[in-house]
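Secondary and tertiary structure notes
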Amino acid sequence: MDEKNPKLPESRVDTSPAKVSDMNVDEVDEDLKKLMGYGENKKSPQPEVSAENVHNSGETAEPVQNKPETVMNVGDDLKENFGDNARKEAAAPKAKNNAAAPVKSGAKKNAPQGSRKPSGKKSSGKKKKKKKRIRFNGSIFGGIILVTIILTVSMILAVAGITLGMEYYGIGKSDNEISFNIPKGSDNDKIADLLVENGIIKNKKLFLLAIRIQKPATIYPGDITLKPSMGYSDIIEAMEVMRESYETVTITFTEGEYLIDIANKLEEQGVCAADDFIFEFNKNQGYSFESRIEDDPNTFYAREGYFYPDTYEFYVGDTAYNITKVVREHYEEKITENMYGRMDRLGLSLNEVMTLASIVQQEAASVDEMPKIASVFINRLNDSDTYPMLQSDTTSNYIKQVISTQAGNDESIAHYTEYYDTYQCQGLPAGPICNPGIDAINAVLNHADTDYYYFCNNLETGETFYAKTLEEHEENLKLAGLA
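What comes next concerns the included structure. (Residues numbered from 1 in each chain as written. Predicted model: local features only at pLDDT ≥ 70, side-chain atom pairs only at ≥ 80, totals over all residues. Heavy atoms only, no water.)

Remarks on the overall build of the chain
Helix and strand content of the chain: 21 helices and six strands. Here the chain, with 483 residues, has 37% of them falling under the buried criterion. Intrachain contacts of the chain at a sequence separation of at least 6 include 66% that bridge at least 24 residues. When the accessible surface of the chain is summed, it comes to about 29800 Å², and 51% of that surface belongs to carbon and sulfur atoms. (Helix = DSSP H or I, 4+ residues; strand = E, 2+ residues; numbered from the N terminus. Buried < 20%, exposed > 50% of the residue type's maximum accessible area, 1.4 Å probe, protein only. Contact = heavy atoms within 4.5 Å. Areas by Shrake-Rupley, 256 points an atom, 1.4 Å probe, with all protein chains shown as cover.)

So this is what it looks like as C-alpha cells:
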C-alpha cells in the first residue's frame, strides 16, 4: 500500500448496510487513522492530567483518562454510525447515504467546552444586549427631553407671571401724565380700549379681569389724567371719582410753520411751556415712523418737519409729553404705507422727503406749482456734478429766523449755517426747514417729469417761471421783476 496515497480496499469503501455490519470495526478505525495522517508517531504530546495538577489549578478534579481528541475519535463514531446504530438507521424510512453528517454531529457532541465556537444563540444574545442598550439610552434621552420641556414650560410660566404682575402694578412704566376723555355711555370694553390707545395699560384682558374682581360702583365719563406707572387698581379707583371737565383750546397750525413758532403758539394759548415742548418734541418717543429717521448731529431741531399741520384741540395746562404724543399719533396716521413704498421706489429716505417737502412748501406760490418745483430740485440732486448746490432762498430764511435767534452763540450759528445754507452746502440741508403739509409731501413723491433746473416767482402776481439753462433763468428773472 502506498503510504502517501493510502486506499481502502473496495470492500471497505462500500457503505451499503449489509457489508458494514460484517466489517471489523477496529481495522476500519486503524485504516482511517492512516488515511487521515493521524498515526501514533504524528500525535502531539498531551499533558497528563493528574489529581495534583488539577488541585494546583484550583479546578475540580476529574479521573485521568486517555481520551482521544474529538477529531481523532473516529472509532467511536464509526461504531456508532456503522454498528448497531447503522442497522437501526437502515431500518428507517429514509437511509442516510452520507456518513460525514453523523461524524460532524458526534464531533460537536464530544468537543471540549472550552473549544466550542460561539453558537447562533450567543449571537442573538449579543443582538439582544445591543437592543437593550439602545432602549436604555433612549430612555435617558427621553427623560432629558421631558425634563427640558418641563423646565422650559416652568420658565415661560414664571416669566409670564412676572410680566403680568409688573403690568398689573405698573412696575417699570412711564411716569408721564396722559390726559384723555372718556365719552358718556362708554362700557368697560370701550374704556379698556381707550386705556390701551393712550398707553396707560398694555393688557386689555387683564384690566377687564381686574374690573370684575374689584367691582367698582361707578366709572364716571369725562376728562381724566392718568399715568402708565399707576397700578390697575389705582386706575380703576381714579375713574370712580367724579371729575370736572377740563378746559380745552383749539389751535390751527398752518403749513410751513417753524417748530419754534408752534411752540410759542402753544405757550400763548396756555397749553404748555414753549421750552418744555421743544425739549419733549425733539426726543424719540418710539413711534414706528421715527425708526426711519436717521439722526444727524448737524440737524438744528431733530424733529423739525414732523409736526403735521392741522387743527388740534388740547387741554389747557397739559404736559408737553401729552401734546407731543397727540401730534405724533396724528402724523403717523397721515403718512401711509403706500407713501413709504413710494419713497423706497424713488430711493429717498423719510428725512430726505420731508426736507425736500419743506423747501417746496415755502418756495411754491400755489399747490398746483408744487410738483414742477419739486422736479427742479430732484433734477439738480440727480445731476449733482453739474448742479452741486440747490440754491434755495428758503434755507437762508431759516438761518435768519430760526438758527440765528435760537442757536445761542456765534459759533453755533456758524456751524449750523454751514449745513443749512444751500448756497454753501452740497445737496440737501441737514434737515427740514419747516413743517410741510400733505400737498408738498405728495408733490415730492409724485413730482413732475421735467428738464427744468431753474425757477423764480413773481412776488406780486405769484406767477412761476421755469428754465432749463442759466441764460433762460436770467431772462425769467427780468420777467418776474427780480432783476
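From this point on, the discussion continues.
Thoughts on the packing of aromatic side chains
Summed over the entire model, instances satisfying the criterion amount to 23 aromatic pairs. Pairing tyrosine 168 with tyrosine 232 gives two aromatic rings, centres 5.6 Å apart and planes at 45 degrees, and the pair type is tilted. Within this pair, whereas tyrosine 168 is found in helix H8 (residues 120–169), its partner tyrosine 232 is found in helix H11 (residues 232–239), the two being separated by 64 residues in sequence. Exposure remark for tyrosine 168: the relative accessible area of 24% places this residue in the partly exposed category. Of the residues examined, tyrosine 232 reaches a relative accessible area of 0% and is grouped as buried. Both rings, one in phenylalanine 307 and one in tyrosine 312, keep their centres 5.6 Å apart while their planes meet at 65 degrees; by these two values the pair is edge-to-face. Just as phenylalanine 307 is buried, tyrosine 312 falls in that class too. Here the aromatic residues Phe253, Phe277, Phe281, Phe307, Tyr312 and Phe314 are joined through ring pairs into a cluster of three or more. Over the face of the ring belonging to phenylalanine 281 we find arginine 328, whose NZ or CZ atom lies 4.7 Å from the ring centre. Sitting over the face of the ring of tyrosine 454, arginine 380 holds its NZ or CZ atom 4.9 Å from the ring centroid. (Phe/Tyr/Trp six-rings, centres within 6.5 Å; stacked < 30°, edge-to-face > 60°. Lys NZ or Arg CZ within 6 Å of the ring centre and 35° of its normal.)

A short note on the nonpolar core
Judged by nonpolar contacts, the single largest core of 68 residues is most densely connected at Leu266, Phe277 and Phe314. The element best represented in this core is helix H16 (residues 350–363), accounting for seven residues. Ignoring sequence-local partners within four residues, the contact set of phenylalanine 277 consists of Leu259, Ile262, Ala263, Leu266, Cys272, Phe307, Ala320, Ile323 and Thr324. (Core = buried A, V, L, I, M, F, W, Y, C linked by side-chain atoms within 4.5 Å.)

Some details on the pattern of salt bridges
Counted according to the given criterion, the structure contains 13 salt bridges. One salt bridge in this structure joins glutamate 290 and arginine 303, with 3.3 Å as the shortest N-O distance. In this pair, glutamate 290 is assigned in the loop between helix H13 (274–281) and strand E4 (311–315) and arginine 303 in the loop between H13 and E4, connecting sequence segments 13 residues apart. Accessibility classification places glutamate 290 together with arginine 303 in one group, the buried group. With its nearest N and O atoms 3.4 Å apart, the salt bridge here joins aspartate 451 to lysine 468. Taken together, the residues span a long stretch of sequence, with aspartate 451 in the loop between helix H20 (438–445) and strand E5 (454–457) and lysine 468 in the loop between strand E6 (464–467) and helix H21 (470–479) at a distance of 17 residues. Classification of aspartate 451 by relative accessible area gives partly exposed; the value is 39%. Among the ionic contacts, a cluster of salt bridges with common partners joins Glu290, Asp295, Arg303 and Arg328. (Salt bridge = Lys/Arg side-chain N within 4 Å of Asp/Glu carboxyl O.)

A word on the environment of isoleucine 224
Of note, isoleucine 224 is situated in strand E2 (residues 222–226). Owing to a relative accessible area of 1%, isoleucine 224 belongs among the buried residues under this scheme. The spacing of isoleucine 224 and methionine 242 is 18 residues in sequence and 9.7 Å in space, taken between C-alpha atoms. In this structure isoleucine 224 touches Ile178, Ser179, Phe180, Ile182, Ala238, Met239, Arg243 and Tyr246, once residues within four positions along its chain are discounted.

Let's talk about the environment of asparagine 397
As for its position among the elements, asparagine 397 is in helix H18 (residues 393–406). You can call asparagine 397 partly exposed: its relative accessible area is 32%. C-alpha of asparagine 397 to C-alpha of glutamine 362: the two residues are 35 residues apart in sequence and 10.0 Å apart in space.

A word on the side chain of serine 229
Along the chain, serine 229 falls in the loop between E2 and H11. Apart from the residues lying within four places of it in its own chain, the contact partners of serine 229 are Tyr169, Gly170, Lys173, Ser174 and Asp175.

Notes on helix H12 (residues 259–268)
Considered for burial, the residues of H12 that qualify are Leu259, Ile260, Ile262, Ala263 and Leu266. Down the axis of H12, the sector holding all buried residues measures 160 degrees, keeping them to one side. Elements that come into contact with the buried residues of H12 comprise strand E3 (248–252), H13, E4, helix H14 (320–334) and H18. Immediately beyond the C-terminal end of H12, within one or two residues, lies glycine 270, with a positive phi of roughly 75 degrees. (Arc of directions from axis to C-beta.)

As for the packing of helix H9 (residues 188–197) against helix H10 (residues 204–214)
Viewed as axis vectors pointing N to C, H9 and H10 meet at an angle of 135 degrees, and their least axial separation amounts to 10 Å. It follows that H9 is oblique to H10 by the angle criterion. For H9 against H10, the interelement crossing comes out right-handed. Contacts between H9 and H10 involve Asn188, Asp189, Ala192, Asp193, Leu195 and Val196 on the former and, on the latter, Lys204, Phe207, Leu208 and Ile211. (Axes fitted to C-alpha atoms, helices over the stretch in contact; angles between N-to-C directions. Parallel < 35°, antiparallel > 145°, perpendicular 65-115°, else oblique. Left-handed = near helix turned anticlockwise from the far one by under 90°.)

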